[in-house]
Every structure is written in structure tokens, then in C-alpha cells.
Amino acid sequence: MPILTLDTNQSIEPEHGTELLHKATDLLANMLDKPKSSIMVRINPGAHLMIDDSTEPTAYIQLKLFAFPQEQAAEFVKT
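Just so it is clear, the structure is predicted and the values come from calculations on it, not from any experiment. (Residues numbered from 1 in each chain as written. Predicted model: local features only at pLDDT ≥ 70, side-chain atom pairs only at ≥ 80, totals over all residues. Heavy atoms only, no water.)

S.K.: Could you clarify how one ought to interpret the nonpolar core in this entry?
M.R.: Residues L4, L6, A24, L28, A29, M31, L32, I39, V41, I43 and F76 constitute the largest nonpolar core, which totals 11 residues. Of all the secondary structure elements, the ones that give two or more residues to this core are β1 (3-8), α1 (14-32) and β2 (40-44). Ranked by residues supplied to this core, first place goes to α1 with five residues. Contact partners of I43, with chain neighbours within four places excluded, come to L6, I12, G17, L20 and L21. (Core = buried A, V, L, I, M, F, W, Y, C linked by side-chain atoms within 4.5 Å. Buried < 20%, exposed > 50% of the residue type's maximum accessible area, 1.4 Å probe, protein only. Helix = DSSP H or I, 4+ residues; strand = E, 2+ residues; numbered from the N terminus. Contact = heavy atoms within 4.5 Å.)

S.K.: Quick question: what am I supposed to make of a nonpolar patch on the surface here?
M.R.: On the surface, a cluster of nonpolar side chains totalling about 380 Å² of accessible area is made up of M1, M40 and F66. With respect to the helices and strands, the residue F66 is situated in the loop between β3 (59-64) and α2 (73-78). (Patch = residues over 30% accessible without salt bridge, like charges linked within 9 Å, V, L, I, M, F, W, Y side chains within 5 Å. Areas by Shrake-Rupley, 256 points an atom, 1.4 Å probe, with all protein chains shown as cover. Salt bridge = Lys/Arg side-chain N within 4 Å of Asp/Glu carboxyl O.)

S.K.: Please clarify how the environment of T25 should be interpreted in this entry.
M.R.: With respect to the helices and strands, T25 occurs in helix α1. Among the residues examined, T25 registers a relative accessible area of 15% and is labelled buried. When the C-alpha atoms of T25 and S38 are compared, they prove to be 9.5 Å apart, with 13 residues separating the residues in sequence. Not counting residues up to four positions away in its chain, the partners in contact with T25 are K36, I39 and V41.

S.K.: What exactly am I supposed to notice about the layout of surface pockets here?
M.R.: Its volume calculated, the largest pocket comes out at about 340 Å³. Looking at the largest pocket, it is lined by 18 residues, and the ones nearest its centre are L4, L27, I61, F76 and T79. If you tally residues by element for the lining of the largest pocket, the top one is α1, at six residues. Along the lines of polarity and charge, the residues of the lining of the largest pocket split into 14 nonpolar, two polar and two charged. (1 Å grid on protein atoms, 1.4 Å probe; cavity = no way out; pocket = protein on both sides within 12 Å on 5 of 7 lines; lining within 4 Å. Points joined across faces, edges and corners; volume = space filled by probe spheres on them. Nonpolar A, V, L, I, M, F, W, Y, C, P; charged D, E, K, R; others polar.)

S.K.: Looking at this structure, how should I read the pattern of salt bridges?
M.R.: Pairing between side chains of opposite charge can happen when their charged atoms approach one another. Per the stated rule, a full pass over the model turns up two salt bridges. With a shortest N-O distance of 3.1 Å, E19 and K23 are connected by a salt bridge. With E19 and K23 both in helix α1 and four residues apart, this pair spans about one turn of that helix. Under the relative-accessibility criterion, E19 is labelled partly exposed at 39%. Note on K23: relative accessible area 52%, which makes it exposed.

Now the structure itself:
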């Protein structure tokens, strides 16, 4: 099961979180040519994140796949 995890140090209103979950699921289903029922998306707002000694708004996104198609890596990152 593909899983997308988004950690952000920002708060997300519940209605925006739900909208983001749906949009991310749709995007992944189309990108991976998989049914939505096989996609998992996890959003972690309010995470403790710091880059280069800065706590400015940031996000960390991770996509885990069992079989990663290397030839599509650049396209996945762009999307």
C-alpha cells in the first residue's frame, strides 16, 4: 500500500486537513494508477521541524512504495 506522509510545523484547520487528504489521495491514485482504496495519506500538523536552525514554515513529505519505478522518480518529485 503506497503511503504519503506530510509533516508540517504549521497548524491545519480540520476542514482544510480533510480537503488536503482528499486531494493528495486523488493525486496519488492518478499518479500511481492505483485505486483510491489502496492509497494511504497521513498528515501531521504542528510537527516540530527545523531546517538550518530556522523554524520558519516548512513541510517534510515522504512517499513510500513497495516497488519504486526509478524511471518515474523525477516526474513523481515534480508532481
